[in-house]
Amino acid sequence: MKILVIRHADALDTNGNSIRTDFDRPLSEKGIKQALRLKKGLLKANFLPEIVLSSPLIRTSQTSKLVFPEVFTQNKSFFERSELKPGAHPEIICKIINEYNPKSIALVGHMPDVGVFVSWLIGASGANIEMEKCGAALLEFHGLPREGAGSLRWLVGPEWKYR
């Protein structure tokens, strides 16, 4: 199984007017550009997941849809899961992934959760992997994902351009 873990792209701050809560923060222009750049790199890397899981917050949903529009046009699956809101625990994330048991999956979430999840999967749970906004990590597993069973194939930032 391959798991692509993505931190959402850059988002606007709450302003007390139209953006009242953290849940409602949309992507900024910078964030939209970051997501489209990641999409282009993933297409060059020939990575299109069977399933995309996203936190239900606006910025993660928007990141997912910009990075993986093919998921919506090629009859693939997209799921927003409330368990992936900020504060998600690695064991819960694995349980959700295992419900679907895909060959490839993308997960779009928040820091520090995505960094903690990647660290946990590669057996470095004490490490602090800092993922930039719209950064991505590709992990591979023989069988289902679990603590310490993953191999980190690459970790990239928002400026990444695949070869």
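As shown above, the structure is provided for reference.
These numbers come from a predicted model, not from an experiment.

## Here we look at the overall build of the chain
When you go through the chain residue by residue, the secondary structure sums to five helices and six strands. Put simply, the chain runs from its N terminus to its C terminus through helices and strands in the order β-α-β-α-α-β-α-β-α-β-β. Against the compact-globule benchmark of 15 Å for 163 residues, the chain has a radius of gyration of 15 Å, which places it among compact chains. With the principal axes as the frame, the chain shows a C-alpha extent of 45 × 30 × 30 Å. Expressed as a percentage of the 163 residues in the chain, the buried residues total 47%. Pairs at least 24 residues apart make up 69% of the contacts formed inside the chain by residues separated by at least 6 positions. By element, 48% of the accessible surface of the chain is carried by carbon and sulfur atoms, the whole surface being about 8,100 Å².

## What about helix α4 (residues 90-100)?
Each turn of an α-helix holds 3.6 residues, which means side chains three or four residues apart point in the same direction. Those residues of α4 that sit buried are Pro90, Ile93, Cys94, Ile96 and Ile97. Looking straight down α4, one finds its buried side chains confined to an arc of 160 degrees; they lie on one side. Contacts made by the buried residues of α4 are with β1 (2-7), β2 (51-54), β4 (104-109) and α5 (113-121). Among the residues trailing α4, Asn101 stands out with phi positive, at a value near 50 degrees.

## Observations concerning the packing of α4 against α5
Their axes nearest at 9 Å, the elements α4 and α5 cross at an angle of 80 degrees. When the interaxial angle is binned, α4 and α5 end up roughly perpendicular. Across from Pro90, Glu91, Ile93, Cys94 and Ile97 in α4, the residues of α5 making contact are Val116, Phe117, Trp120 and Leu121. Tallied by class, the residues present in the contact of α4 with α5 amount to eight nonpolar, no polar and one charged.

## Re the pattern of salt bridges
If you walk through the whole model with that rule in mind, you get nine salt bridges. The salt bridge involving Asp22 is made with Arg25; its shortest N-O contact spans 3.0 Å. The exposure class assigned to Asp22 is partly exposed, which follows from its relative accessible area of 36%. By relative accessible area, which is 12% here, Arg25 ends up buried. Taken together, the shared-partner salt bridges in this structure form one network comprising Asp13, Asp22, Arg25 and Arg59.

## What about the packing of helix α1 (residues 29-44) against helix α2 (residues 58-67)?
Relative orientation of the contacting elements α1 and α2 amounts to 40 degrees, with a least axis distance of 8 Å. Relative to α2, the element α1 is oriented oblique. Here α1 and α2 pass one another in a crossing that is right-handed. Each of Ile32, Ala35, Leu36, Leu38, Lys39 and Leu42 in α1 lies in contact with α2, whose residues at this interface are Thr63, Leu66 and Val67. Taken together, the residues that form the contact of α1 with α2 break down as seven nonpolar, one polar and one charged.

## Quick look at the environment of Phe141
Looking at the secondary structure, you find Phe141 in the loop between β5 (136-140) and β6 (151-156). Residue classification places Phe141 among the buried residues on the basis of a relative accessible area of 5%. With 19 residues separating them along the chain, Phe141 and Ile122 place their C-alpha atoms 9.8 Å apart. Contacts of Phe141, omitting those with residues within four sequence positions, involve Met1, Ile3, Leu121, Arg146, Ala149 and Gly150.

## Some thoughts on the sheet that holds β5
Taken together, the six strands give an open sheet; going across it, the order is β3-β2-β4-β1-β5-β6, and neighbouring strands pair in mixed fashion. For this open sheet the edge positions go to β3 (77-80) and β6, each flanked by a neighbour on one side alone. Strand after strand, the sheet turns through a mean of 15 degrees between neighbouring axes, direction not considered. Judged from the four bridges that link them, β2 and β3 form a sheet pairing that is parallel.

Analysis parameters
- Residues numbered from 1 in each chain as written.
- Predicted model: local features only at pLDDT ≥ 70, side-chain atom pairs only at ≥ 80, totals over all residues.
- Heavy atoms only, no water.
- Helix = DSSP H or I, 4+ residues; strand = E, 2+ residues; numbered from the N terminus.
- Rg over C-alpha atoms; globule rule 2.2 N^0.38 Å.
- Buried < 20%, exposed > 50% of the residue type's maximum accessible area, 1.4 Å probe, protein only.
- Contact = heavy atoms within 4.5 Å.
- Areas by Shrake-Rupley, 256 points an atom, 1.4 Å probe, with all protein chains shown as cover.
- Arc of directions from axis to C-beta.
- Axes fitted to C-alpha atoms, helices over the stretch in contact; angles between N-to-C directions.
- Parallel < 35°, antiparallel > 145°, perpendicular 65-115°, else oblique.
- Nonpolar A, V, L, I, M, F, W, Y, C, P; charged D, E, K, R; others polar.
- Salt bridge = Lys/Arg side-chain N within 4 Å of Asp/Glu carboxyl O.
- Left-handed = near helix turned anticlockwise from the far one by under 90°.
- Pairing = 2+ DSSP bridges.

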